[in-house]
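# Structural characterization, general
Chain residues, written in single-letter form:
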Amino acid sequence: MSPTPDQTSALAIGAHVAQSDPVREAQSRRAPLVQFFLGDPQGFKGPEVEYAGGAAALRAAAEEAGVDLYVHAPYIVNVATTNNRIRIPSRKLLQQHIDAAAEIGAKGLIVHGGHVNKGDDPSVGFDNWRKAIDATDLKIPLLIENTAGGDNAMTRYLERIAGVFDAISACEQADMVGFCLDTCHAHAGGNSLETVVADVLAITGRIDLVHCNDSRDDFDSGADRHANLGSGRIDADLLAAVVREAGAPVVLETPGATAEHRADADWLRERL
């Protein structure tokens, strides 16, 4: 069922921001929510809260300001892989980020679906996801995000997303695993935006967050290059329709900073 006009007009729109002071970044954008990293997005070093005063101070500041916090796990996390040297530290890093995100009162931790190696049976990746969920104490919701490229990816294609969620459905913590729909990734990954919301809901039963990004590249390009809303290769009406139909909080991961993100948020609100 599509959300009502009142629901869409009230959709929360925020942005991915620098991690040193997420609350100030949210206020500068007049945004009710923000997403950020806790530490290095490209390394296995554990999470670090850069906010002055640490985790407790950030949680208190966000609560006082009425700002919802979302944390994006490092890109390097890949719990699906058959490579033990990546999968094992990925599980450890995932738990560390769940713990750190819970300490700051985050609403969820977003993580990419990962991939298996060339020649691997995708079902091994699905089962590795099940094992990872069983091995992780999910103190807050874990939101698995669709990705843009790679034939071996776990969450580029709808049938692979279905494989991951079918495997996870057997876990005791299955209700703590949600979905983050990225519009650029869906477009670049070759998933029709006309039907992607219905397709994902049929698989996962939920969309908890939308990464609303335009794409610099063509449909099914496999390229993960975000563009500001209305300046890329995704039809404007279609992009807005995905957000409207999903009815979930929105994070802009578009280029730029405060001015660009405010412009993108205004662009989107005008079309909802």
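Above: the structure in question.
This structure is a prediction, so every number in the text was calculated from the model and none was measured.

So, on to the pattern of salt bridges. Within this structure, the stated rule accounts for 13 salt bridges. Note that R24 and D21 form a salt bridge whose closest N and O atoms lie 3.5 Å from each other. Taking the relative accessible area as the measure of exposure, R24 reaches 47% and is therefore partly exposed. One salt bridge connects R225 with D217, and the closest N-O pair in it is separated by 2.8 Å. Look at R225 and you get partly exposed, because its relative accessible area is 36%. The exposure class assigned to D217 is buried, which follows from its relative accessible area of 13%. Because the salt bridges share partners, they merge into one network encompassing D127, R130, K131 and D134.

Moving on: the pairing of strand β2 (residues 33–36). Covered by surrounding structure in β2 are L33 and Q35 together with V34 and F36, the residues of both alternating faces. Each parallel crossover has a hand, and the one from strand β1 (residues 13–16) via helix α2 (residues 22–28) to β2 is right-handed. Two strands pair when backbone bridges link them, and β2 and strand β3 (residues 68–72) are joined in this way by 4 bridges, in the parallel orientation. The residue of β3 that forms the bridge with Q35 is Y70. For the crossover that starts at β2, traverses helix α3 (residues 54–65) and ends in the parallel β3, the hand is right-handed.

Here we come to the sheet that holds strand β5 (residues 142–145). With parallel pairing, the 8 strands of this closed barrel are ordered in space as β1-β2-β3-β4-β5-β6-β7-β10. For this sheet, the mean angle separating the axes of adjacent strands, direction not counted, is 25°. Pairing analysis gives 4 bridges linking β5 to strand β6 (residues 177–182), with the strands arranged parallel. For I144, the partnering residue across the bridge sits in β6 and is F179.

Moving on to helix α9 (residues 236–246). Turning to α9, its buried residues are L238, L239, A240, A241, V242, V243 and A246. Note on α9: the residue one or two positions beyond its end, G247, has a positive phi of about 65°.

Let us look at the nonpolar core. Counting 72 residues, the largest nonpolar core has F36, I104, W129, L142, L181, C212 and L268 as the members making the most contacts within it. Sequence-distant contacts of L268, defined by excluding residues within four places in its chain, comprise I13, C212, L229, A240, V243 and V250. Formed by 7 residues, the second largest nonpolar core is a distinct cluster that contains Y70, I110, C180 and L209.

A few words on empty space enclosed by the protein. Empty pockets left among the atoms are what a rolling probe the size of a water molecule brings to light. Under the counting rule described, the total for this entry stands at 1 cavity of 30 Å³ or more. Within this model, the largest cavity holds a volume of roughly 50 Å³. Taken together, I13, G14, A15, R29, A31, L252, H261, R262, A265 and R269 form the lining of the largest cavity. Of all elements in the fold, only β1 and α10 (258–269) reach the threshold of two or more residues within the lining of the largest cavity. The biggest single contributor to the lining of the largest cavity is α10, with 4 residues. Of the residues that constitute the lining of the largest cavity, the class distribution is 5 nonpolar, 2 polar and 3 charged.

How each quantity is defined
Residues numbered from 1 in each chain as written. Predicted model: local features only at pLDDT ≥ 70, side-chain atom pairs only at ≥ 80, totals over all residues. Heavy atoms only, no water. Salt bridge = Lys/Arg side-chain N within 4 Å of Asp/Glu carboxyl O. Buried < 20%, exposed > 50% of the residue type's maximum accessible area, 1.4 Å probe, protein only. Helix = DSSP H or I, 4+ residues; strand = E, 2+ residues; numbered from the N terminus. Right-handed = clockwise from strand over helix to strand, strands pointing away. Pairing = 2+ DSSP bridges. Axes fitted to C-alpha atoms, helices over the stretch in contact; angles between N-to-C directions. Core = buried A, V, L, I, M, F, W, Y, C linked by side-chain atoms within 4.5 Å. Contact = heavy atoms within 4.5 Å. 1 Å grid on protein atoms, 1.4 Å probe; cavity = no way out; pocket = protein on both sides within 12 Å on 5 of 7 lines; lining within 4 Å. Points joined across faces, edges and corners; volume = space filled by probe spheres on them. Nonpolar A, V, L, I, M, F, W, Y, C, P; charged D, E, K, R; others polar.

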